[in-house]
Amino acid sequence: MWGLVNILSLVFVFAVAKEPLDIADIEDLATLSLSKRNLDFINGGSGRMRTVQDNVEAFGRYKLRPRVLRNVINVDVSTTILGNKINFPICVAPMAAQRLVHPDGETARPKVTAMEMGTCFGLSIAASASLEEITSAAPEGLKFLQVDPLKELRIVDSLIREGENKGFKGIILGADVAILRGRDTKERTDPIFPPEMKLGIWEFLLAEYNKLRQAEGKSTVNMTYFRKEQPDSSRTWDLVQWFKKYNPPAYHNQRNSHRYICEDAKIAAALGVNAIIVSNHGGRQLEDAPATIDVLKEIVNAVKGQCEVYIDGGIRTGNDVFKAIALGAKAVFVGRPILWGIAYDGKDGAKKVLDILQKELKVTMALAGAPSIADIVEEMVVHKSHFH
Ligand SMILES: Cc1cc2nc3c(=O)[nH]c(=O)nc-3n(C[C@H](O)[C@H](O)[C@H](O)COP(=O)(O)O)c2cc1C
Ligand SMILES: *[C@@H]1O[C@H](CO)[C@@H](O)[C@H](O)[C@H]1NC(C)=O
């Protein structure tokens, strides 16, 4: 009898917990479905994870100053990035090896982001899906391709051209991976990859590389060697200059053409990048880098409107999105919450995450008296030190 009651109450608790209301609920649900090692890989960061934590906490240091009586019957969250319309200013950050989390992996996201929700997503160079899989999942829709600094630029060129054919509209240059920071304990360093998992874009790059080598009469190399050998720590701003040739002449078929994005501020703007993502890689590279929201305004001021500015790191609520936009971001990118969503419920879970954030943003905008993205102004957000 008691056993039965216990079982019933367990079922009941599970059913209640199953309908996530916010991103914290989705994180809890993901925690139930992932192994500790994989969870550590996703949630982890550099060193003592002070930057990981600060990215999230910093948003709480900003307060909202609402306007009232402003007719918010229709709240419009649509905007543009690089001339492309998006339904709301919340995009998906590039993240490696998503089949680690769920068999849908990366293919969950283009369907959700590009096709169903009408926003943008970034595909990591270390994606576990191939460009073909991404394209067949979402032939239309806004997709950016993230590349790292590599030694052999001819293969990067092949990748970018292949990306162009497959409908990618922007290149994100990972300027923050001069070296790839390993996490600090063995447990955190090694997620458990499904044995059948392949890194689709690295496979493409390796095939291109071996073609070049064969044409030059050299022996082919294997993936292990290739992935160790190709990342290039010697790169300087010349690399950004090199990318300029894709901007926009090589990509002529789109309204606003293909663009490229990189991180850092004044030099990048002076070199003519189209956008900057203010990012500390979710606290996974340089420990004790400041929280991204704390430096956003500075960077926006530095580039003086020469390029668009986006931000990622620690965005977990609609309020966070609102604050980033008020402080000058054109859009935000979201990382871990999407992986939690995919872990919890594949494609539908990723959609749920974007849905929650979008709805929260609308509520914040209504209560703050900003019926459109253009109405979100700097004066609506202030650092809490203002009041003390
Ligand atoms: C598991 C994981 C893998 C990531 N892989 C990449 C990657 O391959 N390339 C890249 O440019 N950024 C990568 N990032 C960084 C994200 O693009 C983004 O900067 C970060 O996740 C944003 O912070 P948030 O997770 O707090 O939203 C990764 C982040 C996580 C959590
Ligand atoms: C890959 O190539 C390297 C360098 O030639 C070699 O040392 C290594 O044993 C190879 N690994 C595999 C798995 O074949």
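Along each chain, numbering runs from 1 in the same order as the chain's sequence is written. Written order decides the labels, with chains lettered from A and ligands numbered from 1. With pLDDT at 70 or above as the cut-off, local features in this predicted model cover only qualifying residues; side-chain atom pairs require 80 or more to be listed or tallied, and sums for whole chains, interfaces and linings still use all residues. The side-chain numbers reported here are obtained from all heavy atoms of the structure, hydrogens and water having been left aside.

In the nomenclature of an unreviewed UniProt entry, the protein chain is known as (S)-2-hydroxy-acid oxidase of Sinanodonta woodiana. What the UniProt record of the protein chain gives under Sequence similarities (unreviewed entry) is the line "Belongs to the FMN-dependent alpha-hydroxy acid dehydrogenase family." UniProt positions are given in the numbering used here, feature names are shortened, and annotations may be inferred rather than shown by experiment.

Q: Explanation requested: the site of ligand 1 in the structure shown.
A: Taken together, 20 residues lie near ligand 1, and Pro94, Ser124, Gln146, Asp312 and Arg316 sit nearest. Residues adjacent in sequence count toward polar contacts only when both atoms are side-chain atoms; beyond that, a polar contact is any pair of N or O atoms within 3.5 Å, and within protein one must be able to donate a hydrogen and the other to accept it. Note that an oxygen atom of ligand 1 is positioned 2.9 Å from one of the backbone N or O atoms of Gly335. Backbone polar atom of Arg336 to an oxygen atom of ligand 1: 2.9 Å apart, as the coordinates give it. Burial of ligand 1 by the surrounding chains reaches 93%, relative to a free accessible area of 600 Å². Think of it this way: any DSSP run of H or I at least four residues long counts as a helix, any run of E at least two long counts as a strand, and we number them from the N terminus. Mapped by element, the contributors of at least two residues to the shell around ligand 1 are helix 3 (36-43) and helix 15 (336-368). Split into classes, the residues belonging to the shell around ligand 1 amount to eight nonpolar, eight polar and four charged. By convention in these notes, a residue is near a molecule or strand provided one of its non-hydrogen atoms lies within 4 Å of it. For the area figures, the Shrake-Rupley method with a 1.4 Å probe applies, and any residue is considered shielded solely by the protein chains shown. Under the grouping applied here, Gly and all other residues not named as nonpolar or charged are polar, the nonpolar ones being Ala, Val, Leu, Ile, Met, Phe, Trp, Tyr, Cys and Pro and the charged ones Asp, Glu, Lys and Arg.

Q: Can you help me understand helix 4 (residues 50-59) in this one?
A: Residues three or four positions apart in an α-helix share a direction because the helix packs 3.6 residues into each turn. Summary of the burial criterion: residues with accessible area below 20% of their type's maximum are buried, those above 50% are exposed, and those between are partly exposed, where the area comes from a 1.4 Å probe applied to protein chains only. Residues Thr51, Val52, Asp54, Asn55, Ala58 and Phe59 constitute the buried set of helix 4. Working rule for contacts: check all heavy atoms of both residues, and any pair within 4.5 Å makes them a contact. Lining the buried residues of helix 4 we find helix 3, strand 1 (62-64), helix 13 (292-303), helix 14 (318-326) and helix 15.

Q: I keep staring at the side chain of Asp148 and nothing clicks. Help me out?
A: Summarising the element assignment, Asp148 is placed in the loop between strand 6 (142-147) and helix 7 (153-165). Charge assignment in this entry is limited to Lys and Arg as positive and Asp and Glu as negative, and neither His nor the chain termini are counted. A pair is scored as a salt bridge if a Lys or Arg side-chain nitrogen falls within 4 Å of a carboxyl oxygen belonging to Asp or Glu. For the buried Asp148, no salt bridge is present, and the opposite-charge side chain at shortest range is Arg227, 7.2 Å distant. In terms of polar contacts, Asp148 uses its side chain to reach the side chain of Gln146, at 2.5 Å. Apart from the residues lying within four places of it in its own chain, the contact partners of Asp148 are Ile125, Gly174 and Val177.

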